[in-house]
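Spelled out, the chains give:
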Amino acid sequence: LLLSSSAANFNTNIGLLRSFPSLQPWISISEKELSFESSLAIADKYKLNFDKFMKAVIIGMEVSCRIGVWLGRDHYRSGFHITSTAGIFGATIANSILLNLSKDKIINAIGIAASHSSGLKVQFGTMVKPYHAGMAASSSIEAVLLAKNGMVSSNTAIDGNQGFGATHNAEFNNDAFKSLGKKY
């Protein structure tokens, strides 16, 4: 756990030093990268094949984008760094796929990740900004491994009363998920 988690943090921090500009301030390239870099650490540790790795990464990237849309501009304008707050969920999904988690365990992993999701725009311009992404990548691995080994979380940690969306000023743009798995 520690080595994969640390590798994900390192991979992501190094990857984000190049800081691609965002096409839209609330949906950036960076949150999609978390799926790649955290999954790279898992695929390496467990010697997984390239096709499985790429499938997981693509699905994770798609989830990250859609979570970003679901969160909306209000979340970003409230001071949250969407790279880490949305990216952790895509990375969690990607790593759940790589480790063959059941639907129930994926729900638990997402709930655990919701408790880890953080990152504040006040850190922009400091060394902590890329650390947000590394922290999210690392936390996604921890969430998946904890769920895999039996940790149970709330199944409404994302959209429930006092859940992630409510406490992180989400717009709850549920249309973001209507075509998930059908249109990319």
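Rules of the game
Residues numbered from 1 in each chain as written. Predicted model: local features only at pLDDT ≥ 70, side-chain atom pairs only at ≥ 80, totals over all residues. Heavy atoms only, no water. Salt bridge = Lys/Arg side-chain N within 4 Å of Asp/Glu carboxyl O. Buried < 20%, exposed > 50% of the residue type's maximum accessible area, 1.4 Å probe, protein only. Helix = DSSP H or I, 4+ residues; strand = E, 2+ residues; numbered from the N terminus. Core = buried A, V, L, I, M, F, W, Y, C linked by side-chain atoms within 4.5 Å. Contact = heavy atoms within 4.5 Å. Axes fitted to C-alpha atoms, helices over the stretch in contact; angles between N-to-C directions. Parallel < 35°, antiparallel > 145°, perpendicular 65-115°, else oblique. Left-handed = near helix turned anticlockwise from the far one by under 90°. Nonpolar A, V, L, I, M, F, W, Y, C, P; charged D, E, K, R; others polar. Expected span 1.5 Å × (residues − 1). Polar contact = N/O pair within 3.5 Å; in protein donor to acceptor, adjacent residues only side chain to side chain.

Caption draft 1: Geometry of the pattern of salt bridges. Counted under the stated rule, the structure contains three salt bridges. With a shortest N-O distance of 3.8 Å, K47 and D44 are connected by a salt bridge. The burial state of K47 is the same as that of D44; both residues are exposed. E62 is the partner of R66 in a salt bridge, and the nearest nitrogen-oxygen pair spans 2.5 Å.

Caption draft 2: A look at the environment of G87. For G87, the position within the fold is in helix α4 (residues 82-98). For G87, a relative accessible area of 0% puts it in the buried group. C-alpha separation for the pair G87 and C65, spaced 22 residues apart in sequence, amounts to 8.0 Å.

Caption draft 3: Fine view of the nonpolar core. W70, L71 and F89 are the most contacted members of the largest nonpolar core, which has 36 residues in total. For L71, the contacting residues outside a window of four places in its chain are I82, T85, A86, F164, N169, A170 and E171.

Caption draft 4: Layout of the packing of helix α5 (residues 103-116) against helix α6 (residues 128-148). For the pair α5 and α6, the least separation of the axes is 8 Å and the interaxial angle reads 140°. Taken together, the axes of α5 and α6 are oblique relative to one another. The element α5 and its partner α6 pack so that their crossing is right-handed. Here α5 contributes K105, N108, A109, I112, A113 and H116 to the contact with α6, which in turn contributes S139, E142, A143, V144, L146, A147 and K148. When the residues that make up the contact of α5 with α6 are grouped by side-chain class, the tally is seven nonpolar, three polar and three charged.

Caption draft 5: A look at helix α3 (residues 50-77). End to end, α3 covers 38 Å across 28 residues, agreeing with the expected 40 Å (1.5 Å per residue, within 8%). Between the side-chain oxygen at the start of α3 and the backbone nitrogen of D51 there is a gap of 3.1 Å, and the oxygen is on N49. At the C-terminal side of α3, G79 shows a positive phi close to 110°.

Caption draft 6: Quick peek at the side chain of S96. Checked against the element boundaries, S96 lands in helix α4. Note on S96: relative accessible area 0%, which makes it buried. Engagement of the side chain of S96 in a polar contact is seen with the backbone oxygen of T92, the distance being 2.8 Å. Setting aside residues no more than four positions away along its own chain, S96 makes contact with L101, I106, A109 and V144.

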